[in-house]
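Survey of secondary and tertiary structure
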Amino acid sequence: MTELDPAVVLGMAARAPDGLVIVDREGLIRYWNRGAERIFGYSAEEVAGRSLDLIIPEKHRARHGEGFVTAMALGASRYGEADLLAVPAVRADGRRLSIEFSVVLLAGPDGVATHCGAVIRDVTARRAREKARMRRGEAGEAPPA
C-alpha cells in the first residue's frame, strides 16, 4: 500500500462522522473531531485541555478513572482490538446518550503509553428501538413485520 500524506489522514479524521477523541495520560482531551462535536454538543475549542469526565455520567467516573489509570500504567487495555464497548454518556445539554466505542492506547518511541484514543458512535436511537422491541415481546405482542 502506498503511504499517504499525513495531511490526508488528518483531514479524514477531522471530518469522520464517528467521534474521534484522543486524551493524554492525565485524561485531558487533546483531539476532538467534528463527529465528537455532533455527538456530544461541545466544540473542539470548548473541550480542549478539559477532562474527559465532562462526557462521563457522574456515577461512572470513578470506575472509568480507575480503569484508565491502570491501562495507561500498564500500557495495555483489558479490551482487545475487536472489542466494542457500550456505555452511557452525557451531552453538553445534559441529555443522556448510549455510545459504542473502540479504544486504542498510543505509545511514544519508548513504548510508554502517552495517549488513549477512541472511535465513538452514538447508538441512542438504536438502543431505544431495541428496548421497545423487548418490551413488546415481554407484553406478548408480535413484533411488526
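A brief report on the enclosed structure follows. Along each chain, residue indices are assigned from 1 in the same order as the chain's sequence is written. Side-chain atom pairs in this predicted model are given and counted only at pLDDT of 80 or more, local residue features only at pLDDT of at least 70, and totals for whole chains, interfaces and linings cover all residues. Hydrogens and waters are ignored; side-chain quantities use all the structure's heavy atoms.

So, on to the side chain of Asp-18. Elements are defined by DSSP. Helices are runs of H or I of four residues or more, strands are runs of E of two residues or more, and each kind is numbered from the N terminus. Its location among the elements puts Asp-18 in the loop between α1 (6–15) and β1 (19–24). Among all residues touching Asp-18, those that are not within four sequence positions of it are Asn-33, Gly-35, Ala-36, Val-119, Ile-120 and Arg-121. It only takes one pair of heavy atoms within 4.5 Å for two residues to be counted as in contact.

For this analysis, a salt bridge means a side-chain nitrogen from Lys or Arg found within 4 Å of a carboxyl oxygen belonging to Asp or Glu. Applying the stated criterion to the full structure yields five salt bridges. One salt bridge in this structure joins Arg-30 and Asp-24, with 2.9 Å as the shortest N-O distance. Accessibility expressed as a relative area gives 49% for Arg-30, which makes it partly exposed. For the exposure calls, accessible area comes from a 1.4 Å probe over protein chains only, and a residue counts as buried if that area is under 20% of its type's maximum, exposed if over 50%, partly exposed in between. Owing to a relative accessible area of 8%, Asp-24 belongs among the buried residues under this scheme. With a shortest N-O distance of 2.5 Å, Arg-126 and Glu-100 are connected by a salt bridge. Of the two residues, Arg-126 sits in helix α5 (residues 124–138) while Glu-100 sits in strand β4 (residues 96–107), which places them 26 residues apart along the sequence. For Arg-126, a relative accessible area of 31% corresponds to the partly exposed category.

A few words now on the packing of aromatic side chains. The way to describe two aromatic rings as a pair is by their centre distance and the angle between their planes. What counts as a ring pair is set by centres within 6.5 Å for rings of Phe, Tyr and Trp (its six-membered ring), and what kind of pair is set by the plane angle: stacked under 30 degrees, edge-to-face over 60, tilted for all other angles. Applying the stated criterion across every chain yields a total of one aromatic pair. Centre to centre, the rings of Trp-32 and Phe-40 are 5.5 Å apart; their planes meet at 40°, and the pair counts as tilted. The same class applies to Trp-32 as to Phe-40, namely buried.

The next subject is the pairing of strand β3 (residues 85–90). Pairs of strands are assigned from DSSP output, requiring at least two bridges between the strands. Here β3 pairs with β4 via six bridges, running antiparallel. The partner of Ala-86 across the bridge, within β4, is Glu-100. Counted along the chain from β3 to the antiparallel partner β4, the turn is five residues long, and its residue Gly-94 has a positive phi close to 90°.

One open sheet holds the five strands; their spatial order is β2-β1-β5-β4-β3, and the pairing between them is antiparallel. At either margin of the open sheet sits one strand with a lone partner, and together these are β2 (29–32) and β3. Geometrically, the sheet is characterised by an average inter-axis angle of 35° between neighbouring strands, direction not taken into account. In this analysis an axis means a line fitted to C-alpha atoms, helices contributing only their contacting stretch, and an angle means the value between N-to-C directions, from 0 to 180 degrees. With respect to the sheet, helix α4 (residues 58–74) is in contact with β1, β3, β4 and β5 (113–122), its orientation differing from that of β5 by roughly 135°.

On to the side chain of Glu-100. The class for Glu-100 is buried, based on a relative accessible area of 13%. Pairs of N or O atoms within 3.5 Å make up the polar contacts considered here, provided that, within protein, one atom can donate a hydrogen while the other can accept it, and that residues adjacent in sequence are counted only when both atoms are side-chain atoms. Reaching out from Glu-100, the side chain makes a polar contact with the side chain of Arg-126 at a distance of 2.5 Å. Sequence-distant contacts of Glu-100, defined by excluding residues within four places in its chain, comprise Leu-84, Leu-85, Ala-86, Val-119, Ile-120, Arg-121, Val-123 and Arg-126.

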